[in-house]
Amino acid sequence: MIIKKILFVLSLMALVGASYSINAEPFKAGGAPGTQTIDGYNALGPQVEQPIEFPHYTHANVMKINCMYCHTYARRSAVSGIPRLDKCIGCHKMIPEVRDRPRIKKLFWYWDNHKSIPWKKVHDLPDFVRFNHERHIQRFYFQDKRPVREVCGYCHGDVANMTTARRVKAISMGWCIDCHKKDHQISAVNLKTTNGPNDCWMCHK
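Just so you know, the residues in each chain are numbered from 1, in the order the chain's sequence is written. A pLDDT threshold of at least 70 governs which residues receive local features in this predicted model, and a stricter bar of 80 or more applies before side-chain atom pairs are shown or counted, although totals over entire chains, interfaces and linings include all residues. The side-chain figures draw on all heavy atoms in the structure; neither hydrogens nor water molecules are used.

**Student:** Account for the overall build of the protein, naming residues and giving values.
**Tutor:** A tally of regular secondary structure across the protein gives eight helices and two strands. For the protein, the sequential pattern of α-helices and β-strands runs α-α-α-α-α-α-α-α-β-β. Note on definitions: a residue-residue contact is assigned when non-hydrogen atoms from the two residues lie within 4.5 Å. Sequence-distant contacts, at least 24 apart, represent 64% of the contacts inside the protein between residues at least 6 apart. With the model as given, the accessible surface of the protein reaches about 13,500 Å², and the carbon-plus-sulfur share is 59%. A run of DSSP states H or I qualifies as a helix once it reaches four residues; a run of E qualifies as a strand once it reaches two. Both are numbered from the N-terminal end. Note on areas: Shrake-Rupley with a 1.4 Å probe; residue coverage comes only from the protein chains shown.

**Student:** If you had to explain helix 7 (residues 148-156) to someone new, which residues and values would you point to?
**Tutor:** Three labels apply to residues, based on accessible area from a 1.4 Å probe with only protein chains included: buried if under 20% of the type maximum, exposed if over 50%, partly exposed otherwise in between. All buried positions along helix 7 are accounted for by V148, V151, C152, G153 and Y154. Buried positions along helix 7 lie against helix 3 (67-70), helix 6 (133-143) and helix 8 (173-181). Residue G157 follows helix 7 closely and has a positive phi angle near 75°.

**Student:** Could you give an account of helix 6, naming the residues involved and the relevant values?
**Tutor:** Turning to helix 6, its buried residues are H133, I137, R139 and F140. Buried residues in helix 6 make contact with helix 3, helix 7, strand 1 (184-185) and strand 2 (193-194). Here helix 6 starts with a cap whose side-chain oxygen sits 2.9 Å from the backbone nitrogen of E134, and that cap is N132. Following helix 6 by one or two positions, K145 adopts a phi angle in the positive range, close to 60°. Here a polar contact is recorded for every N or O atom pair within 3.5 Å, except that within protein the pair must consist of a potential hydrogen donor and a potential acceptor, and residues adjacent in sequence are included only if both atoms are side-chain atoms.

**Student:** Lay out the packing of helix 4 (residues 85-92) against helix 5 (residues 102-112) in plain terms, naming residues and giving numbers.
**Tutor:** The description of two helices packed together rests on the angle between their axes and the distance between the axes. The angle between two axes is taken between their N-to-C directions and runs from 0 to 180 degrees, where each axis is a line fitted to C-alpha atoms and a helix contributes only its stretch in contact. For the pair helix 4 and helix 5, interaxial distance at closest approach is 10 Å and the crossing angle is 125°. By the angle class used here, helix 4 and helix 5 are oblique. The two elements helix 4 and helix 5 cross, and the hand of that crossing is left-handed. Residue-level inspection shows L85, D86, C88, I89 and H92 of helix 4 in contact with helix 5, the latter providing I104, L107, F108, Y110 and W111. Residues belonging to the contact of helix 4 with helix 5 are distributed by class as follows: eight nonpolar, one polar and one charged. Throughout, the term roughly parallel applies to angles under 35 degrees, roughly antiparallel to angles over 145, roughly perpendicular to angles from 65 to 115, and oblique to all others. A crossing counts as left-handed when the near helix is turned anticlockwise from the far one by less than a right angle, and as right-handed when that turn is clockwise. Nonpolar residues are Ala, Val, Leu, Ile, Met, Phe, Trp, Tyr, Cys and Pro. Charged residues are Asp, Glu, Lys and Arg, and all others, Gly as well, are polar.

**Student:** I'd like a rundown of the packing of aromatic side chains, residues and numbers included.
**Tutor:** When the centres of two rings from Phe, Tyr and Trp lie within 6.5 Å, Trp using its six-membered ring, the rings pair. Their planes under 30 degrees apart give stacked, over 60 give edge-to-face, and anything left gives tilted. Within the structure shown, the criterion is met by four aromatic pairs. Seen in terms of ring centroids, F54 and W119 are 6.5 Å apart; in terms of plane orientation they differ by 90°. Their pairing is edge-to-face. You can see F54 sitting in the loop between helix 1 (2-18) and helix 2 (56-62) and its partner W119 sitting in the loop between helix 5 and helix 6, a full 65 residues away along the chain. With relative accessibility at 23%, the residue F54 sits in the partly exposed group. The exposure class of W119 is partly exposed, given its relative accessible area of 28%. Ring centres of W109 and Y110 lie 5.2 Å apart, and the angle between their planes is 85°; this geometry places the pair in the edge-to-face category. Its relative accessible area of 12% is what places Y110 among the buried residues. To sit over a ring, a charge needs its Lys NZ or Arg CZ within 6 Å of the ring centre and within 35 degrees of the ring normal. One Lys or Arg, K87, reaches over the ring of Y69 and ends 4.6 Å from the middle of that ring.

**Student:** A description of the side chain of Q50 should follow, citing residues and the corresponding values.
**Tutor:** Considering the arrangement of structural elements, one finds Q50 in the loop between helix 1 and helix 2. By relative accessible area, which is 15% here, Q50 ends up buried. Polar side-chain contacts of Q50 include one of 2.8 Å to the backbone nitrogen of K120. Those residues in contact with Q50 that lie beyond four places of it in its chain are W119, K120, V122 and T164.

**Student:** Residue-level account of the pattern of salt bridges, with values.
**Tutor:** A side-chain nitrogen of Lys or Arg and a carboxyl oxygen of Asp or Glu constitute a salt bridge if their distance falls within 4 Å. In this structure the tally under the stated criterion is seven salt bridges. Of the charged contacts, one joins R84 and D86 as a salt bridge, the two residues approaching to 2.4 Å between their closest N and O atoms. Judged by its relative accessible area of 59%, R84 falls in the exposed class. Assessed through its relative accessible area of 32%, D86 is described here as partly exposed. For R146, the salt bridge identified is with E150, shortest N-O distance 3.8 Å. One salt-bridge network, in which partners are shared between bridges, spans R139, D144, R146 and E150.

What follows is the structure in structure tokens.
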């Protein structure tokens, strides 16, 4: 009986979510900061205060560093991962000209005191939702050969123009369903299209 009720609720949520249409193209933010529509699709996430104001703009835009250099698990795991502190230090110990900047001083403070940086999650999903980074990265970046900034931008927005990351996409069920309903070209050389799965159990396991 409980399982039947759960299935009924999930089916109802799917119908409600599918009744809205959300633009899932990259770099399209929702409403203004702090606003939220009744369905939550155009909501922006809160400005999460991080222990270090990490400048994504400098790394991803100016330096052109691939997102997966730091978020190395994205291509092979369900989660994207946060880089270990020694990866940050490995680069910054070779750049003495920025050692006196407040952010870098704080970075080395954590290193010298043998502490990990307590980063806070920005794109946090409910525990009953299962999202797999690997499947999306392998399809759109490695198979379709799309630019990494575009691929990551579908869900995360144009992070390369941000300092600390902020959620700018709805990442709600209806928003995900809308993207899965779109016709995605199979590869850069194959003009045939396909859709994402619409089975409830793909995301709710």
